[in-house]
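Okay, here's what each chain looks like letter by letter:
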Amino acid sequence: MSNEAHSPYLPIPMHVLHAYYESNDRSLKTLELSFDDPQDAREFFAAYNPGQFCLLSVIGKGESALGIASAAWEGDFVRFTIQKMGSVTTALHELKPGDPIGIRGPLGNGFPLEDWKGKNLVIIGGGCAFSTLYALTKHLHHPSNRGDYGKMTVIYGTRTSGLCMYKQDIAAWHQRDDMEVHQAIDVPEQDWLHHVGYVPDVVKEVKPSPVNSVAVVCGPPIMTKYTLPALVELGFTPETIFTSLEKRMKCGVGKCGRCNLGPKYICKDGPVFSLAELNDLPADL
Amino acid sequence: MNLILKKDQLNHLLNSWRQDYEVYAPQALQNYTHFLPLQDGFELAFDKAHNTRIPPKALFLPTSEALLKFTKFGGYEQVPLETAPRIIFGIRPCDAHAMTMLDTVFEQERYTDPHWKARRDATLLVGLGCHEPCQTGFCTTVGSGPFNHAGLDAILTDLGEIFLVETLTEKGEQLFTQLETATEEQSKQASEVQQAAAASMPIAFETEGLKEKLDQNFDSPYWEEISRSCLGCGVCTFLCPTCFCFDIVDEAQRGERVRNWDTCMFRTYSLEASGHNPRPSRVERTRQRLSHKYTHWVDQINQIGCTGCGRCVRYCPVGLDIRAMLRKASQLPSEVAHV
Ligand SMILES: Cc1cc2nc3c(=O)[nH]c(=O)nc-3n(C[C@H](O)[C@H](O)[C@H](O)COP(=O)(O)OP(=O)(O)OC[C@H]3O[C@@H](n4cnc5c(N)ncnc54)[C@H](O)[C@@H]3O)c2cc1C
Ligand code: SF4
Ligand code: SF4
Ligand code: FES
């Protein structure tokens, strides 16, 4: 690369390592991407903090913002789980191992992991927005990180059991004695051993303790809308509740104006905000 | 330093600059004036209108420009950056002021836009103050003025037969080394002209407490009332010198990823893939436009994000006047409960 200023619009060259469906209805596909240039990998992982996202680029179609679903220690690849929505995400679903792809990132702030040290973590996710919480949980599981945090409670809801992502890992999480895992589906299914009901109701049922705890919530807007007050009711203060926002994005680097929310740009200043911060922002979501 | 430029020497000076720079100055084209590069036999058009219709931001953030090229092998490469030296002559203080605000967006520590920065670094701004301020402008209301120095390398004051030139930066000084120094009398005359011009501009609306009122009345019927006749054409934002929103699209046949000016006044701007739209109607979109200028910029850089250039007032096809909107806002109740 020339010594010209590195353009924040220029994707990092990568290629597809693995591509597989994550859900039985084929609406969710996971891509694992590896770097063409090891130097790019070093720079990426030096900067990466769980909760960040990337812009995945398909030539001729454009870019889509996707949360990073892997922890740095897993290897020199980056994982994304993509829900098929429109033109870019459909093109991403068509990629096969070996295909070239460009990504920009890691972008945004990610979770304030330093501030959370010594605390119990309540991790609440719904639908495909669980991807960055999966990355967070994997990150915390690493022996060099696990000791820095207290008890971990994961609450993860999907509409059906077939839409549950990362099934193997989550099954293994149930066996761990250093964490509590609560899974939920919206309506009853045969052989389902876990909760049935919407995530906010499951949260009320599980009643995670707010004492020395932080809660982080990522899910569809409707889930987040009802989960935040449920946590407040349990005694979590707005400073200890975190969520990740989604808004339409283009540049990802605070230039194009698209993701503007009051004086903030979600791409640059977020996507992770505390409820205390959100309470100071206009309801322009 | 204050210098004297005789008006009949102006063209000679501009031509001398043309040897080393591309020189842009307001010239007539169809019914409007535009910043166009000077060609042999050029004719300046200062008198037709104060401001060009399209603000000079377009010379730094073009309406459309390639950000990347696609390579044959499925990769991406940076397009060459423009670094040829330029002078923009005759830029008005409100527009130069706007450039300093846009710098805070495009030149940040964490992410700098290389296209913007290359053009900014290569360009000098020589301003022309407004000794007879325009009718739609309200720069003095928003903390600026018809002879504001922000962003300029030099500023000219029209004193009839001559311009008084104030050089404001070292680079600006280099452009005028041939000129005579102004007498004390001439400098005094210029500052009188400058003060009289500012004093002749009425205060368009009360800015004290305005931000708080807009913030606190997020759910007020006010927004519906002021946006009722809006067509959603976006002219007020495209022609605004402090608006910078852009879209990024792939032009597959050209093999380029391109950015184009965009506007929060369009429905599709904020429409998400799920069908959800945080700003579904002109009410929310007008609120975004005004709030961005009059509250968000204030939170971000402690300055109102409107320079009072008056373009949105002049060019709105249904005559919506931001001054009237803000006069009305200043009547809103304050200290209502924040919801
Ligand atoms: C921070 C962040 C993290 C995200 N993480 C994930 C994830 O992990 N998995 C996942 O499946 N989805 C995620 N999304 C949503 C995903 O970005 C959109 O579903 C996707 O961009 C739709 O693009 P499309 O081209 O398929 O749809 P189209 O409707 O064809 O969209 C056209 C263009 O609009 C933009 N766009 C439309 N909707 C959105 C949106 N909600 N967010 C951002 N840009 C949008 C895109 O730039 C796209 O190029 C995330 C969004 C954000 C902002
Ligand atoms: S809002 Fe209107 S008056 Fe203010 S800078 Fe923009 S175009 Fe000019
Ligand atoms: S120029 Fe006038 S009609 Fe057009 S979007 Fe702006 S306010 Fe609405
Ligand atoms: S996506 Fe462009 S400013 Fe956030």
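Described below are features of the structure shown in this document. (Residues numbered from 1 in each chain as written. Chains lettered and ligands numbered in written order. Predicted model: local features only at pLDDT ≥ 70, side-chain atom pairs only at ≥ 80, totals over all residues. Heavy atoms only, no water.)

Okay, the overall build of chain B next. Along its length, chain B carries 11 helices and 12 strands. Relative to the 2.2 N^0.38 estimate, which gives 20 Å for 339 residues, the radius of gyration of chain B is 21 Å and therefore close to what a compact globule would have. Looking at chain B as a whole, 58% of its 339 residues qualify as buried. The contacts of chain B with a sequence gap of at least 6 include a subset with a gap of at least 24, amounting to 71%. With the model as given, the accessible surface of chain B reaches about 15,300 Å², and the carbon-plus-sulfur share is 48%. Of the side chains in chain B, 34 bear a positive and 43 a negative charge, and the two mean positions are spaced by 7 Å. (Helix = DSSP H or I, 4+ residues; strand = E, 2+ residues; numbered from the N terminus. Rg over C-alpha atoms; globule rule 2.2 N^0.38 Å. Buried < 20%, exposed > 50% of the residue type's maximum accessible area, 1.4 Å probe, protein only. Contact = heavy atoms within 4.5 Å. Areas by Shrake-Rupley, 256 points an atom, 1.4 Å probe, with all protein chains shown as cover. Lys, Arg positive; Asp, Glu negative; His and termini not counted. Charge placed at Lys NZ, Arg CZ, Asp CG, Glu CD.)

Residue and element names in this part refer to chain B. Between its terminal C-alpha atoms helix 9 (residues 282–301) stretches 27 Å, which fits the 28 Å expected from 20 residues at 1.5 Å a residue. The largest bend in helix 9 comes to about 50°, at His 292. Of all the 20 residues making up helix 9, 16 are buried; the element is thus mostly covered by neighbouring parts of the structure. Following helix 9 by one or two positions, Asn 302 has its phi on the positive side, about 60°. (Expected span 1.5 Å × (residues − 1). Bend = angle between axes of the 7 residues up to and from the residue.)

So, about the packing of aromatic side chains. Evaluation of the coordinates by the stated rule reveals 25 aromatic pairs over all chains. With 6.1 Å between their ring centres and 85° between their planes, Phe244(B) and Trp297(B) make a pair best called edge-to-face. Here the residue Phe244(B) occupies a position in the loop between helix 8 (235–238) and strand 11 (246–251), and Trp297(B) occupies one in helix 9, the gap between them amounting to 53 residues. The same class applies to Phe244(B) as to Trp297(B), namely buried. Chaining the aromatic ring pairs together yields one cluster made of Phe130(A), Tyr134(A), Tyr156(A), Tyr166(A) and Trp173(A). A cation over a ring is seen here: Lys7(B) above Phe163(B), with NZ or CZ 5.1 Å from the ring centre. (Phe/Tyr/Trp six-rings, centres within 6.5 Å; stacked < 30°, edge-to-face > 60°. Lys NZ or Arg CZ within 6 Å of the ring centre and 35° of its normal.)

We now examine the site of ligand 3. In the neighbourhood of ligand 3, the contacting residues comprise Cys230(B), Leu231(B), Gly232(B), Cys233(B), Gly234(B), Val235(B), Cys236(B), Met265(B), Cys316(B), Pro317(B), Val318(B) and Leu320(B). The residue inventory of the shell around ligand 3, partitioned by class, reads 10 nonpolar, 2 polar and no charged. (Near = heavy atom within 4 Å. Nonpolar A, V, L, I, M, F, W, Y, C, P; charged D, E, K, R; others polar.)

Take the site of ligand 2 next. Close contacts around ligand 2 come from Phe138(B), Cys240(B), Pro241(B), Lys293(B), Cys306(B), Thr307(B), Gly308(B), Cys309(B), Gly310(B), Arg311(B), Cys312(B) and Ile322(B), and that covers them all. Here the shell around ligand 2 is composed, by residue class, of 7 nonpolar, 3 polar and 2 charged.

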